[in-house]
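Each chain is listed here by its residues.
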Amino acid sequence: MSENDANARFIRESIVEPSAIARARAHAVELGAAPVSAAVGSQIAVLAAATGARSIVEIGTGAGVSGLWLLRGAPQAVLTSIDNEPEHLAAARQAFADARVPATKARFITGRAADVLPRMNEASYDIVLVDADPENVIEYVEHGLRLVRTGGMVLVPRVLVGGKVADPVQRDAVTTAFRSLIQETQESPAVLATVSSAGEGLLQLVSVATD
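Computed from a predicted structure; not experimentally measured.

Draft legend 1. Geometry of the nonpolar core. With 32 residues, the main nonpolar core has Ile44, Phe96 and Leu155 as its most contacted residues. Broken down by secondary-structure element, the contributors of at least two residues to this core are helix 2 (19–31), helix 3 (38–50), helix 4 (65–73), helix 5 (86–98), strand 4 (125–130) and strand 5 (148–157). Those residues within four positions of Phe96 in sequence are excluded, and the remaining contacts are Gly64, Gly67, Leu68, Leu71, Leu79, Val101, Ala106 and Phe108. Formed by 28 residues, the second largest nonpolar core is a distinct cluster that contains Val137, Tyr140, Val141 and Val154.

Pasting the structure below:
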């Protein structure tokens, strides 16, 4: 086992997922919702806590897993969850109820993110999590950066596409889009950008003021 593989295994096995999130994960897997890993979930919880987030948007519910992690880090926040799969939204709503998240702390919007996001207020959110429709990831990140305040964060899990982004031979549309997103945000003066390799990878963007 390589050093990187050993580190990844240690990180994965060291995370203790709260029981409410573990139950939501099991249900998400049954639905085929592909929730974020516990490694990524713990990261987004820490980021939500560190930013003192009070208003969060997630694109793609993961049947409640990502939202529960975000609210674990920022229990004072209000989460807006967007998904075009009513069944996934219903599962998220039930997962939040089971975790005793107050109804006032979450709102659920059924619809295509491409239709919903343009109607949302600019510079009004602390965090936008982008975890849906990977073929549209660049468009969603652009919307996310419009929606977050200066100093706010846009978070993109699965950004390494299972190792394909690092392999120059891989040139399918989704891999190319994620590779371009990483490269362009590293060069952009409008954001501070970094990539975590834990779990399935997490791109972290902080919106910064530009002259």
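Draft legend 2. Fine view of the packing of helix 7 (residues 137–147) against helix 8 (residues 173–187). At their nearest, the axes of helix 7 and helix 8 sit 9 Å apart, and the two run at 35 degrees to each other. For the pair helix 7 and helix 8, the contacting residues are Val137, Ile138 and Val141 in the first and Ala177, Phe178, Ser180 and Leu181 in the second. Taken together, the residues that form the contact of helix 7 with helix 8 break down as six nonpolar, one polar and no charged.

Draft legend 3. Structural context of the sheet that holds strand 5. Across the sheet, seven strands lie side by side as 3-2-1-4-5-7-6; this open sheet has mixed pairing. One side of each edge strand has no neighbouring strand; the edge strands of this open sheet are strand 3 (106–110) and strand 6 (191–196). Across the sheet, the mean angle from the axis of one strand to that of its neighbour is 15 degrees, orientation sign disregarded. Where strand 1 (residues 55–59) meets strand 2 (residues 78–83), five bridges bridge the pair, whose relative direction is parallel. Bridge pairing links Ile56 to Leu79 in strand 2. Running over the sheet, helix 4 touches strand 1, strand 2 and strand 4 and is turned about 160 degrees from strand 1. Relative to the sheet, helix 8 contacts strand 5, strand 6 and strand 7 (202–207), its axis offset from that of strand 6 by approximately 135 degrees.

The rules behind each value
- Residues numbered from 1 in each chain as written.
- Predicted model: local features only at pLDDT ≥ 70, side-chain atom pairs only at ≥ 80, totals over all residues.
- Heavy atoms only, no water.
- Core = buried A, V, L, I, M, F, W, Y, C linked by side-chain atoms within 4.5 Å.
- Buried < 20%, exposed > 50% of the residue type's maximum accessible area, 1.4 Å probe, protein only.
- Helix = DSSP H or I, 4+ residues; strand = E, 2+ residues; numbered from the N terminus.
- Contact = heavy atoms within 4.5 Å.
- Axes fitted to C-alpha atoms, helices over the stretch in contact; angles between N-to-C directions.
- Nonpolar A, V, L, I, M, F, W, Y, C, P; charged D, E, K, R; others polar.
- Pairing = 2+ DSSP bridges.

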